[in-house]
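Survey of secondary and tertiary structure
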Amino acid sequence: ETSEKRMEDVGVVWGDLRSDFLAEQWENNYLILIKFYKREGHTQVLRQHIEDGRKLGVWLFNQRQQKKRGKLNKEHERRLEDVGVMLAVRSEKWESNYSLLVKF
């Protein structure tokens, strides 16, 4: 009998473990982002930035990519936006530059 089968026999459901792990991983990264925000006063994390041993910049880039593809969890999207994360960076930059142009 395999280890996997033995685990299943005592009630382990692999799909649940994977989703629980991913949810915990997201939450841990989010808390690191909050820590970064409190220290730096912004959420403009460079892609190569590492915080507490985690690739925070890569994680944030991936959140933006998921948003762009329409795959970002709506609750995650709301929470990121609540702390000032610009999920659509290019359109935000365009709007900002356009506003400067109009003022000029």
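Everything numeric in this text was worked out from a predicted model, so none of it was measured. (Residues numbered from 1 in each chain as written. Predicted model: local features only at pLDDT ≥ 70, side-chain atom pairs only at ≥ 80, totals over all residues. Heavy atoms only, no water.)

1. Brief notes about the pattern of salt bridges
All told, the structure shown has 8 salt bridges when counted by the stated rule. The partner of glutamate 40 in a salt bridge is arginine 39, with the nearest N and O atoms 2.8 Å apart. The partly exposed category is assigned to glutamate 40, whose relative accessible area is 39%. Residue lysine 74 pairs with glutamate 77 through a salt bridge whose shortest N-O separation is 3.6 Å. Here lysine 74 and its partner glutamate 77 are both found in helix α4 (residues 74–82), 3 residues apart, which amounts to about one turn of the helix. The exposed category is assigned to lysine 74, whose relative accessible area is 63%. With a relative accessible area of 10%, glutamate 77 lands in the buried category. Counted as one network, the salt bridges with shared partners bring together Arg39, Glu40 and Glu51. (Salt bridge = Lys/Arg side-chain N within 4 Å of Asp/Glu carboxyl O. Buried < 20%, exposed > 50% of the residue type's maximum accessible area, 1.4 Å probe, protein only. Helix = DSSP H or I, 4+ residues; strand = E, 2+ residues; numbered from the N terminus.)

2. Let's talk about α4
Within α4, the full set of buried residues consists of His76, Glu77, Arg79 and Leu80. One face of α4 carries all of its buried residues, which in axial projection span an arc of 165 degrees. In α4, the exposed positions angled more than 90 degrees off the buried face are occupied by Lys74 and Asp82. Phi turns positive, to about 95 degrees, at glycine 84, one or two residues after α4. (Arc of directions from axis to C-beta.)

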